Amino acid sequence: MVNVALLVRLEAKPGKEAEVERFLHDGLAIVQQEPATIAWFAIRMGPSTFGIFDAFPDEAGRQAHLSGKVAAALRSKADELFAQSPTIEKIDVLAAKLPQ
């Protein structure tokens, strides 16, 4: 069951869109090693706007993710890839349908 989530908005610098897409693809291998990350989606919302939506069973799982390798990689690449600092929103999940 998931109870909390994160929505991260990323705006690529001009000409860095393909690099942001690769960065997000590479993030999948890292989050697959996080047992408390129940669902993780890298998304594209427009030509230069990307995002990450991920869900967790509880606040401890969300905090572990925020302290983990993907978050560290995001911080280390922020100045190089993004036009502005990533926006991270903490979300409460009211209902969810997940594969069983």
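S.K.: Got a minute to help me understand the packing of helix α1 (residues 17-31) against helix α3 (residues 69-81) in this structure?
M.R.: Geometrically, a packed helix pair is captured by the angle between its two axes and the distance between the axes. Packing of α1 against α3 brings their axes to within 10 Å, and their N-to-C directions diverge by 170 degrees. Here α1 is positioned roughly antiparallel relative to α3, judged by the angle of their axes. From α1, E19, V20, F23, G27, I30 and V31 reach across to α3, where they touch K69, V70, A73, L74, K77, E80 and L81. The residue inventory of the contact of α1 with α3, partitioned by class, reads 8 nonpolar, 1 polar and 4 charged.

S.K.: Please explain the side chain of E34 as it appears in this structure.
M.R.: One can find E34 in the loop between α1 and β2 (39-44). Despite its burial, E34 remains without a salt bridge, the nearest opposite charge being carried by K69 at 8.5 Å. A distance of 2.5 Å separates the side chain of E34 from the side chain of H65, its partner in a polar contact.

S.K.: Any chance you could explain the packing of aromatic side chains here in plain terms?
M.R.: The geometry of an aromatic ring pair is captured by the separation of the ring centres together with the interplanar angle, meaning the angle of the planes. One pass over the structure, following the stated rule, counts 1 aromatic pair. On the numbers, 6.4 Å between centres and 35 degrees between planes, the contact of F41 with F53 is tilted. Of this pair, F41 sits in strand β2 while F53 is found in strand β3 (residues 49-56), placing the two residues 12 residues apart along the sequence. Residue classification places F53 among the partly exposed positions, given a relative accessible area of 28%.

S.K.: Would you mind showing me how to read the environment of E89 here?
M.R.: Along the chain, E89 falls in strand β4 (residues 87-92). Residue E89 is classed as partly exposed on the basis of its relative accessible area of 35%. In this structure, E89 is in contact with A5, L6 and L7, ignoring residues within four places of it in sequence.

S.K.: What should I look at first to understand the pairing of β2 in this one?
M.R.: Within a regular strand, the side chains alternate between the two sheet faces. By the bridge criterion, 6 bridges tie β2 to β3 in an arrangement that is antiparallel. Looking at β3, one finds that R44 is bridged to F50. Counting the residues in the hairpin turn of β2 and β3 gives 4 residues.

S.K.: Sorry if this is basic, but what is going on with the nonpolar core here?
M.R.: When a protein is soluble and globular, its nonpolar side chains tend to lie buried together. Core analysis: the largest hydrophobic core is formed by 15 residues, its most contacted members being L10, V20, L24, F50, I52, L74 and F82. Put simply, the parts of the chain that give this core at least two residues each are β1 (4-11), α1, β3 and α3. Sequence-distant contacts of L74, that is, excluding residues within four places in its chain, are made with V8, L10, F23, F82 and P86. Grouped together as the second largest cluster of nonpolar side chains are 5 residues, V2, A5, A39 and V93 included.

S.K.: Can you walk me through the pattern of salt bridges in this structure?
M.R.: Pairs can form between side chains of opposite charge once their charged atoms are near each other. Within this structure, the stated rule accounts for 5 salt bridges. E59 is the salt-bridge partner of R62, the closest N and O atoms lying 2.4 Å from each other. Placement of both R62 and E59 in helix α2 (residues 59-66) is noted, with a separation of 3 residues, approximately one turn of the helix. Between E59 and K90 there is a salt bridge, with the nearest N and O atoms lying 3.8 Å from each other.

Criteria and cut-off values
- Residues numbered from 1 in each chain as written.
- Predicted model: local features only at pLDDT ≥ 70, side-chain atom pairs only at ≥ 80, totals over all residues.
- Heavy atoms only, no water.
- Axes fitted to C-alpha atoms, helices over the stretch in contact; angles between N-to-C directions.
- Helix = DSSP H or I, 4+ residues; strand = E, 2+ residues; numbered from the N terminus.
- Parallel < 35°, antiparallel > 145°, perpendicular 65-115°, else oblique.
- Contact = heavy atoms within 4.5 Å.
- Nonpolar A, V, L, I, M, F, W, Y, C, P; charged D, E, K, R; others polar.
- Buried < 20%, exposed > 50% of the residue type's maximum accessible area, 1.4 Å probe, protein only.
- Lys, Arg positive; Asp, Glu negative; His and termini not counted.
- Salt bridge = Lys/Arg side-chain N within 4 Å of Asp/Glu carboxyl O.
- Polar contact = N/O pair within 3.5 Å; in protein donor to acceptor, adjacent residues only side chain to side chain.
- Phe/Tyr/Trp six-rings, centres within 6.5 Å; stacked < 30°, edge-to-face > 60°.
- Pairing = 2+ DSSP bridges.
- Core = buried A, V, L, I, M, F, W, Y, C linked by side-chain atoms within 4.5 Å.

Honestly, that's just the spatial picture; any functional story needs more than this.
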